[in-house]
Amino acid sequence: MSARSSSTVISEDTISEEDALKIKEWEVERLQDEIAASQGIRIRRRPPTGPPLHYVGPFEFQVENEGNTPCNILEEIIWYKDKEVSQMKERTPLSALKKAISSAPPARDFLGALRRSYSRTGLPGLIAEVKKASPSRGVLREDFNPVEIAKAYEKGGAACLSVLTDEKYFQGSFENLEAIRNAGVECPLLCKEFVVDAWQIYYARIKGADAILLIAAVLPDLDIMYMTKICKLLGLTALVEVHDEREMDRVLGIDGIELIGINNRDLGTFKVDISNTKNLLEGERGKRIRQEGIIVVGESGLFTPADVAYVQEAGVKAVLVGESLVKQKDPAKGITELFGEDISCKGPSI
């Protein structure tokens, strides 16, 4: 369908300022979609829409995936998150967040905590995840007390914690993040959020985050560059997550990346294969990661000491584990079972 198919040509003078703004916003969104597609990003930021009233060019457009149905669960989450963040921004503008930053608790060294743990134990530093539910597994723990779970993780030897803040799909919240920080837990905290706007980074910082997740399958290169700079400005560590070779190559092409997570879960099927970690760290990619001192985090599908040993041999120095720990009656004991030994400060160091 051509954007110029209308037989009536409308003069710019006849368009109201409000309509003109809507047209500009729509054009910017289309341009952003084109850039994302050129970088292999399959997750669309929002449902495709037709042009606003009075639109006469210059883009040719077509609405793909008729019915505006998300192609997978991640895209569904992102579409909802885009609307959710817009509403949150209206209630609390960015200017208000910037003013509140000065009263936020000081940021702690997330990367340093992972390095110290690796040095102390000879095993990948553990980022233990405080997670009540997931779209694929449902509720993981009915008696969910985020502060108690966080303290158990810390006692069991976790270097850092990951806290799910998405409410609709994971039954998490920023209140959980804030409660854990205020409870005196010393482990640095990763805000596990689906970031689509820099506003979320400021909000996470105010709520006590020391690090935040950025997903390469969702964010174009320019957004990752911009957001990692904001993270450094605020003292946060950016964990940039990749799923495949193309995403890894994109992220390695961005200056200043210090922490990369490899998610072993396929975005389309949700199947997990930990050999994905090994595949992405072979050859020139692995060599470059070692040369630049980037820490790699293995994510998803890690349940046994053999799983941890496999990804460590592939080159990871940290692992992010949630499901196999949070379901344990005693999460601290679950950590010992995951590694096959006691990695707490009371345990033997290697």
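Residues numbered from 1 in each chain as written. Predicted model: local features only at pLDDT ≥ 70, side-chain atom pairs only at ≥ 80, totals over all residues. Heavy atoms only, no water.

A. Expanded view of the overall build of the protein chain. Tallying secondary structure elements over the protein chain gives 14 helices and ten strands in all. A total of 350 residues make up the protein chain; the buried ones form 52% of that total. For the protein chain, restricting intrachain contacts to residue pairs at least 6 apart in sequence, the fraction spanning at least 24 positions comes to 71%. Accessible area for the protein chain stands at about 17000 Å²; split by element, carbon and sulfur atoms hold 49% of it. (Helix = DSSP H or I, 4+ residues; strand = E, 2+ residues; numbered from the N terminus. Buried < 20%, exposed > 50% of the residue type's maximum accessible area, 1.4 Å probe, protein only. Contact = heavy atoms within 4.5 Å. Areas by Shrake-Rupley, 256 points an atom, 1.4 Å probe, with all protein chains shown as cover.)

B. Molecular detail of the packing of aromatic side chains. A full pass over the atoms with the stated rule returns four aromatic pairs. Relative to tyrosine 169, the ring of tyrosine 80 lies with its centre 6.2 Å away and its plane at 80°, an arrangement referred to as edge-to-face. Note that tyrosine 80 is positioned in helix α2 (residues 73-91) and tyrosine 169 in the loop between β4 (160-164) and α6 (174-182), a separation of 89 residues in sequence. Take tyrosine 80: its relative accessible area is 33%, and that puts it in the partly exposed class. Judged by its relative accessible area of 12%, tyrosine 169 falls in the buried class. Here the aromatic cluster, defined as three or more aromatic residues joined through ring pairs, consists of Phe174, Trp199 and Tyr203. Note that lysine 168 overlies the ring of tyrosine 80, its terminal NZ or CZ placed 4.9 Å from the centroid. Over the face of the ring belonging to tyrosine 169 we find lysine 168, whose NZ or CZ atom lies 5.6 Å from the ring centre. (Phe/Tyr/Trp six-rings, centres within 6.5 Å; stacked < 30°, edge-to-face > 60°. Lys NZ or Arg CZ within 6 Å of the ring centre and 35° of its normal.)

C. A look at the layout of surface pockets. Within this model, the second largest pocket holds a volume of roughly 560 Å³. Taken together, 32 residues line the second largest pocket, and the ones lying closest to its centre are Lys131, Lys192, Asn263, Arg265 and Ser300. Looking at the lining of the second largest pocket, the elements with two or more residues in it are α2, β6 (211-215), β10 (318-321) and α13 (323-326). Split into classes, the residues belonging to the lining of the second largest pocket amount to 15 nonpolar, eight polar and nine charged. (1 Å grid on protein atoms, 1.4 Å probe; cavity = no way out; pocket = protein on both sides within 12 Å on 5 of 7 lines; lining within 4 Å. Points joined across faces, edges and corners; volume = space filled by probe spheres on them. Nonpolar A, V, L, I, M, F, W, Y, C, P; charged D, E, K, R; others polar.)

D. Structural view of the pattern of salt bridges. On inspection of all chains with the given rule, the structure shows 17 salt bridges. Of the charged contacts in the structure, one is a salt bridge between glutamate 84 and lysine 81, with a shortest N-O distance of 2.8 Å. Of this pair, glutamate 84 and lysine 81 both sit in helix α2, three residues apart, which is roughly one turn of that helix. For the residue pair glutamate 84 and lysine 81, the accessibility class agrees, reading buried in each case. Taking the shortest distance from any N to any O, the salt bridge between arginine 137 and glutamate 323 comes out at 3.5 Å. One end of the pair, arginine 137, is in the loop between β2 (133-134) and β3 (138-139); the other, glutamate 323, is in helix α13, and 186 residues separate them in sequence. Put simply, Lys81, Glu84, Asp166 and Glu193 are held in one network by salt bridges that share partners. (Salt bridge = Lys/Arg side-chain N within 4 Å of Asp/Glu carboxyl O.)

E. The arrangement of the packing of helix α5 (residues 146-156) against α6 in detail. Where α5 contacts α6, the axes come no closer than 9 Å and their chain directions differ by 50°. In terms of axis orientation, α5 runs oblique to α6. Relative to α6, the crossing made by α5 is right-handed. Two secondary-structure elements touch here, α5 through Pro146, Val147 and Ala150 and α6 through Asn176, Ala179 and Ile180. For the contact of α5 with α6, the per-class residue count stands at five nonpolar, one polar and no charged. (Axes fitted to C-alpha atoms, helices over the stretch in contact; angles between N-to-C directions. Parallel < 35°, antiparallel > 145°, perpendicular 65-115°, else oblique. Left-handed = near helix turned anticlockwise from the far one by under 90°.)

F. Broad picture of the pairing of β4. Among the five residues of β4, five are classified as buried, and the element is accordingly described as predominantly covered. A two-sided burial pattern is seen for β4, the buried positions comprising Cys160, Ser162 and Leu164 on one face and Leu161 and Val163 on the other. Relative to β4, strand β1 (residues 125-130) runs parallel, the two sharing four bridges. Across the sheet, residue alanine 128 finds its bridge partner in β4, namely leucine 161. Strand direction decides the pairing type here: β4 and strand β5 (residues 189-192), joined by four bridges, are parallel. The residue of β5 that forms the bridge with leucine 161 is leucine 189. (Pairing = 2+ DSSP bridges.)

G. Highlighting helix α7 (residues 198-206). Among the nine residues that make up α7, eight are buried, leaving the element largely enclosed by the rest of the structure. Buried within α7 are the following residues: Ala198, Trp199, Gln200, Ile201, Tyr202, Tyr203, Ala204 and Arg205. Looking at the buried residues of α7, the elements they touch are α2, α3 (94-100), α6, β5, β6 and α8 (221-234). Following α7 by one or two positions, glycine 208 has its phi on the positive side, about 110°.

H. Representation of the environment of proline 124. Within the secondary structure, proline 124 is located in the loop between α4 (110-121) and β1. Between the alpha carbons of proline 124 and glycine 298 there is a distance of 9.1 Å; along the sequence they are 174 residues apart. Excluding anything up to four places from it in sequence, proline 124 contacts Tyr118, Val308, Gln312, Val316, Lys317, Ala318, Val319 and Phe339.

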